[in-house]
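Per-entry structural report
If you want the building blocks of each chain, they are given just below.
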Amino acid sequence: MVLVTSVRDYINRMLHDISGMKVLILDSETVSNVSIVYSQSELLQKEVFLVEMIDSISVSKESMSHLKAVYFVRPTSDNIQKLRYQLANPRFGEHHLFFSNLLKDTQIHILADSDEHEAVQQVQEFYADFVAGDPYHFTLNMPSNHLYMLPAVVDPSGLQRYSDRVVDGIAALFLALKRRPVIRYQRTSDTAKRIAQETAKLMYQHESGLFDFRRTESSPLLLVIDRRDDPVTPLLNQWTYQAMVHELIGLQDNKVDLRAIASLPKDQQEVVLSSEQDAFFKSNMYENFGDIGMNIKRMVDDFQQVAKSNQNIQTVEDMARFVDNYPEYKKMQGNVSKHVTLVTEMSKLVEARKLMLVSQTEQDLACNGGQGAAYEAVTDLLNNESVSDIDRLRLVMLYALRYEKENPVQLMQLFNKLASRSPKYKPGLVQFLLKQAGVEKRTGDLFGNRDLMNIARNMARGLKGVENVYTQHQPLLFQTMESITRGRLRDVDYPFVGDHFQQGRPQEVVIFMVGGTTYEESRSVALQNATNSGIRFILGGTAVLNSKRFLLDLEEAQRIARSGSHMV
Amino acid sequence: MATRNRTLLFRKYRNSLRSVRAPMTDSKSGVGPVIEMASSSLLHPKRSYAPVSTEDPGSSRGGAVTVGLPPDWVDVSEEISVNIQRARTKMAELGKAHAKALMPTFGDGKEDQHQIESLTQEITFLLRKSEKQLQKLSAAGPSEDSNVRKNVQRSLATDLQFLSMELRKKQSTYLKRLRLQKEDGGDLEMNLNGSSSRADDDDFDDILFSEHQMSKIKKSEAISVEREKEIQQVVESVNELAQIMKDLSALVIDQGTIVDRIDYNIQNVASTVEDGLKQLQKAERTQRNGGMVMCASVLVILCFIMIVLLILKEIFL
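Residues numbered from 1 in each chain as written. Chains lettered and ligands numbered in written order. Predicted model: local features only at pLDDT ≥ 70, side-chain atom pairs only at ≥ 80, totals over all residues. Heavy atoms only, no water.

As annotated in an unreviewed UniProt entry, chain B carries the name Syntaxin-43 isoform X2 and is attributed to Raphanus sativus. Within the UniProt record for chain B, the comment given under Sequence similarities (unreviewed entry) is "Belongs to the syntaxin family." (UniProt positions renumbered as here; feature names shortened; annotations may be inferred.)

Named according to an unreviewed UniProt entry, chain A is Vacuolar protein sorting-associated protein 45 homolog originating from Raphanus sativus. If you open the UniProt record of chain A and go to Subcellular location (unreviewed entry), you find "Endomembrane system". Turning to chain A, the UniProt annotation filed under Sequence similarities (unreviewed entry) states: "Belongs to the STXBP/unc-18/SEC1 family."

Here it is, written out as structure tokens:
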């Protein structure tokens, strides 16, 4: 509940003290922050009768001085300029400015300069600068996510902006939680190191007064890691509800847009999947596809019973009861159709792309051994006509990541076959991936074949057999969390920043993954938190990835790297 | 949950910049304090930041923007919310009256019934009136003002719907409890009659029977008449409620659906404004290209030609 509650508290405080009719003005980023935790009907209860974007406000000329304006925007120079323009010609009765992150003194100066009409009532910093989708998972929705893969020399200003945004997001999170953490980072990643150091500078030097909170027994831990240490998880196909929806259709700010997938009635074209508002989703979001099917069938049966009893109106009491229960009935109906539609569409996609077959091989590549068998399986699927291009690419990538060093001849054959089969394939993409995230670059034991303990564990698991072939993969994050819980996160691999060390085990851990998280990992975190091991984990990233997004980032980075090398 | 208040720093900058900008700064002192009083009365007394009135009047603002006069429809919306508030207080009274009527008393309880009926009627009337007024708030045309109106309408509709549901629930629980009470009393009587009728026998008993029977029949008649009245009431209130709910359901937002998302509403507004603009442009184009305009212009040209011919005829003849 932690993340969602903190953002809601900030918004409540913003609106609570201001009485009368209000207009809430947001920018393109804060609109996601607010929409994901606060609903329109709750805004109406707080007397906010208009919500506008800061861009469109400048265009209109209507004077609405009976409304009080509450601005909630990021303190970017763009927004400051727009505010300047609006303060010079104030349209509203009062102006209350809330910024989602730290303001520079120069920015306050600029605002004060343009406030000739003294229209501004208050200027505050309310640190809700992240998108809190789930209780323990947040994201920053960053657009140019691929920058973390490139060395600093390629686009220094771009990388600086990237790093600044991440540091801002992390700082806002800790200010919202009122904690100052000990910071560790993944040694092998330059971007992670840079971000960790800049965060430490901000929290311990520049704004040390602001971050000087009451010390608890053990400081929380901030661990900054790189996506490239686990490139396998975003490439895999998913079979648990929330992850599957994002992988097959796409989940943005807890909304699903079905318009591209199928032609549906108007009220089912876009739906909301939020664990806060939908009890069925909350209990099923981490369940696998088979179980979801059964649960939905049960829900449909229950609903049909209610519908039948509603149609069976004989006495006046029945009529009265029907009218009383109508809103609940309507809500139930909407919810049932939403889930049925989602599962139906996903089943269609699974069937069309032969994902059951593909995913079995993927899971084998990720979890089990046997290079020869793997080669055979991948070749078969590459030859299979019904397998789509993106799935072929994923299979070859997974094979390459696993058997990078074994049998290079066969690896080359696979590359060639892939290039010949997929016309749109950008040549060299798999090699680029290996350069970024190959076995030399990785710290963690991704395939469980470095550490003796892991090898033994894998063999034991293979002998025991797995419950479900499709969900046997555990993301690397799971191992990292276990190491932290046991206090065995190696200093060599994950050094501390500065001279703040951790005594004993932390009780709160925030893991920030530069490059993006996946819903499979957020599921892992939620399940870990549910075991009540005494440590609370929070996961965040620059974006929430599915395989499409990850591949796009790779392509974009490859394109820039190529053009850069041409220039050099 | 940490926050940081930058208002003081902001004000400091603002004042110093103002004095730099306009060194001969004395404000019109007459207007100053009056404006301050007006705006400070609108402020909530428990503000977390320093209210305006603590600033020394010497440096007060000259061209301050006060909270302006709202448009007319705001009066309608305020009337509706006042009615809703009145309905709420009456509901509380109704709850108390229900509780009182259900308590076992000696005597008739008719006054309690009257009070309950009148309260229920008043509340239903208030809800009906508010709902009719709510329709007045609808506005045409995609402008910012119309969005505000629509949202005010939605918020009031939600309140109204909630109150209607509450009223229905109160009524039904009251009726149920009432029925239980009556049945208990009725059963007791029936049992007594039944046992006494079994004990008697023969003609003497027949006369006695008929008397018992007569009183029994009268009682059951009275009960059925009362039940009919109750059913009638229930039907009426259900009808009214169904009507209100039908009208309101178009306005009330279904929680948890896409319509309840702030970002969806913002996008929709943008797209409806765009659509509206496109429609207007299309309309303008069709009007310009309309056949009417063509005919009219052709006719006018013909008229001119005729006049010219006429003049030429006059000149040459």
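An order of S2(A)-S1(A)-S3(A)-S4(A)-S5(A)-S1(B) is seen for the 6 strands of this open sheet, with the pairing classed as mixed. Each edge of the sheet is formed by a strand with only one pairing partner; in this case those strands are strand S2 (48–53) of chain A together with strand S1 (3–5) of chain B. Taking each pair of neighbouring strands and ignoring which way they run, the sheet shows an average axis angle of 25°. Two elements, strand S1 (residues 22–26) of chain A and strand S3 (residues 64–73) of chain A, share 5 bridges in a ladder whose sense is parallel. Bridge assignment links Lys22(A) to a residue of S3(A), and that residue is Lys68(A). Together, strand S5 (120–126) of chain A together with S1 of chain B form the strand contacts of helix H1 (residues 7–21) of chain B, whose direction differs from that of S5(A) by roughly 135°. (Pairing = 2+ DSSP bridges. Helix = DSSP H or I, 4+ residues; strand = E, 2+ residues; numbered from the N terminus. Axes fitted to C-alpha atoms, helices over the stretch in contact; angles between N-to-C directions. Contact = heavy atoms within 4.5 Å.)

Phe130(A), Phe211(A), Met397(A), Tyr399(A), Val430(A) and Leu554(A) are the most contacted members of the largest nonpolar core, which has 112 residues in total. Ranked by residue count, the leading element in this core is helix H7 (residues 156–177) of chain A, at 12 residues. Filtering out sequence-adjacent residues up to four positions away, Phe211(A) remains in contact with Ala171(A), Phe174(A), Leu175(A), Arg179(A), Arg180(A), Leu202(A) and Met203(A). Membership of the second largest hydrophobic core comes to 60 residues, among which are Tyr13(B), Trp73(B), Leu126(B) and Leu134(B). (Core = buried A, V, L, I, M, F, W, Y, C linked by side-chain atoms within 4.5 Å. Buried < 20%, exposed > 50% of the residue type's maximum accessible area, 1.4 Å probe, protein only.)

Backbone phi values are negative for most residues with the exception of glycine, while trans is the configuration of most peptide bonds. All names here are of chain A. Residue aspartate 253 is not a glycine yet carries a positive backbone phi of 50°. Mapped onto the elements of the fold, aspartate 253 is located in the loop between strand S10 (251–252) and strand S11 (255–257). Using a relative accessible area of 11% as the deciding quantity, one classes aspartate 253 as buried. Although it is not a glycine, asparagine 532 sits at a positive phi angle of roughly 55°.

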